[in-house]
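Single-letter residue listing:
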Amino acid sequence: GSSPSAALVPFSESTGQPLGWVVESSASSDGTPAVSDGDLYAAYDGGDAYDLKPSGPTFIWQNATGFSGGSSLSPAVFGGDVWATGYELKAANGQEVRNLPNSPQLQPAFVGNEALFFTSNGALEATNLSLQTKWTFNGDGTLDTNPVADGTDVFIGSRSGNLYGIKLATGRIDWHTTLPGAITTNAANPEQSAQGLGLGDGLLVVPTGKSITVFGD
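Each chain has its residues counted from 1, following the order in which its sequence is written. Reporting in this predicted model follows two pLDDT cut-offs: at least 70 for local features of residues, and 80 or more for side-chain atom pairs to be given and counted; totals over whole chains, interfaces and linings ignore these cut-offs and use all residues. With hydrogens and water excluded, all non-hydrogen atoms of the structure serve as input to the side-chain values.

Asks: Can you help me understand the overall build of the protein chain in this one?
Replies: If you tally the helices and strands in the protein chain, you get 0 helices and 21 strands. Think of it in three bands: residues with accessible area under 20% of the maximum for their type are buried, residues over 50% are exposed, and the middle band is partly exposed, with areas taken using a 1.4 Å probe on protein chains only. Expressed as a percentage of its 217 residues, the buried residues of the protein chain come to 44%. Pairs at least 24 residues apart make up 36% of the contacts formed inside the protein chain by residues separated by at least 6 positions. Accessible surface, the protein chain: about 10,600 Å² in total, of which carbon and sulfur atoms supply 47%. Helical segments are the DSSP runs of H or I of at least four residues, strand segments are the runs of E of at least two, and each set is numbered from the N terminus. Contact definition: two residues touch when any of their heavy atoms are within 4.5 Å. Every accessible area reported is derived by Shrake-Rupley at a probe size of 1.4 Å, with residue values counting cover from the shown protein chains alone.

This is the structure we're talking about:
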């Protein structure tokens with residue numbers, strides 16, 4: 001058979017030790033899996049997506065959507081659905097809900113009834129859950145990270161080192177700073193590990209090359 005292009009290797013959160021199983025795929029993926037309610041969801045180029053129980057692993061469902069493309073296939077789970085590059089599936093059974101317009105790249109973010117996508121044309125787009133566009137933000141033209149959001153702002157970075165805090169309500173810049181390095185997912189460079197913004201416990205974590213900058217409230 002063909003050699004695997006991607007492998008999913010789980011580790012214990014408490015000990016950092018491998019759990020003892022590996023899921024390999026002949027398709028490629030620069031993304032990260034999503035974990036929700038004890039299930040693990042992953043997506044691969046070529047449209048393969050699956051849901052499994054990490055303790056086994058036990059596969060709950062697999063779906064070959066046929067969608068191909070996208071620089072990073074990191075799914076997100078929200079509202080009972082799995083949102084990935086190009087498509088939306090039911091989390092319970094993998095049934096396809098719809099194709100997503102503008103082939104959203106990277107992992108989307110959700111706040112209330114709003115979805116935030118980094119789209120294939122390099123813009124940050126806010127929509128409702130019916131995918132009606134509320135606003136679009138282009139930044140400096142080199143946006144290149146997953147969006148992350150709190151209750152009032154959404155954050156996104158660019159290859160030019162610009163970091164933006166955007167008002168969720170209006171799509172206007174709330175604050176902006178420039179870091180001494182590109183803020184990028186590395187999705188276009190398969191020789192480097194993919195990375196992205198992180199948000200939690202009142203902290204915004206931003207990787208730039210070999211450095212990490214942390215912002216507080």
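From this point, the narrative continues.
Asks: Sorry if this is basic, but what is going on with the sheet that holds strand 19 (residues 198–200) here?
Replies: Two pairing modes exist for strands in a sheet, parallel and antiparallel, and in both the strands are linked by backbone hydrogen bonds. The sheet built from 3 strands is open, its strands ordered 19-20-21 with antiparallel pairing. Unpaired on one side and paired on the other, strand 19 and strand 21 (211–215) mark the two borders of the sheet. Within this sheet the neighbouring strands show an average axis-to-axis angle of 20°, counted without direction. Both strand 20 (residues 203–208) and strand 21 contribute to a ladder of 5 bridges, which runs antiparallel. When the bridges of strand 21 are listed, P207 appears paired with I212. Here the rule is simple: two strands pair whenever DSSP picks up at least two bridges between them. Orientation is described by axes fitted as lines to C-alpha atoms, over the contacting stretch for helices, and by angles from 0 to 180 degrees between their N-to-C directions.

Asks: For this particular structure, what's the right way to read the nonpolar core?
Replies: As a rule of thumb, soluble globular proteins bury nonpolar side chains together. Residues L116, L124, W135, F137, L143, V154 and I166 are the most contacted members of the largest nonpolar core, which totals 14 residues. For this core, the secondary structure elements donating two or more residues are strand 11 (105–111), strand 12 (114–118), strand 13 (124–128), strand 14 (133–137), strand 16 (153–157) and strand 17 (162–167). The residues touching L143, leaving out its near neighbours within four places in the chain, are F118, G122, A123, L124, F137, N138, I156, G157, S158, R159 and Y164. Residues enter a nonpolar core if they are buried and are Ala, Val, Leu, Ile, Met, Phe, Trp, Tyr or Cys, with the set joined through side-chain atoms within 4.5 Å. If you look at the next biggest cluster of nonpolar residues, it comprises 9 residues, including Y41, V82, A84 and Y87.

Asks: Explain the side chain of T142 to me, please; I cannot follow it from the model alone.
Replies: Mapped onto the fold, T142 is located in the loop between strand 14 and strand 15 (148–149). By relative accessible area, T142 is classed as buried at 17%. T142 has contacts with S158, R159 and S160, leaving out every residue within four places of it along the chain.

Asks: What is the right way to read the pattern of salt bridges from this model?
Replies: Two side chains bearing opposite charge may form a pair once their charged atoms approach each other closely. For this analysis, a salt bridge means a side-chain nitrogen from Lys or Arg found within 4 Å of a carboxyl oxygen belonging to Asp or Glu. Tallied over the entire structure, the rule returns 6 salt bridges. Residue E114 is joined to K134 by a salt bridge in which the shortest nitrogen-to-oxygen separation is 2.6 Å. Of the two residues, E114 sits in strand 12 while K134 sits in strand 14, which places them 20 residues apart along the sequence. Judged by its relative accessible area of 42%, K134 is partly exposed. The salt bridge partner of D174 is K167, with a shortest N-O separation of 3.8 Å. Taking relative accessible area as the criterion, D174 reaches 36% and is therefore assigned partly exposed.

Asks: I'm lost on the sheet that holds strand 10 (residues 96–99) in this one. Help?
Replies: Judged by pairing direction, the sheet is antiparallel, and its 4 strands sit side by side in the order 7-8-9-10 without closing on themselves. Whereas interior strands pair on both sides, the edge strands pair on one side only; in this sheet they are strand 7 (76–78) and strand 10. Recorded for the sheet is a direction-independent mean angle of 20° between the axes of neighbouring strands. Bridge analysis of strand 7 against strand 8 (residues 81–84) gives 3 bridges, and the strand direction is antiparallel. Bridging across to strand 8, F78 finds its partner in D81.

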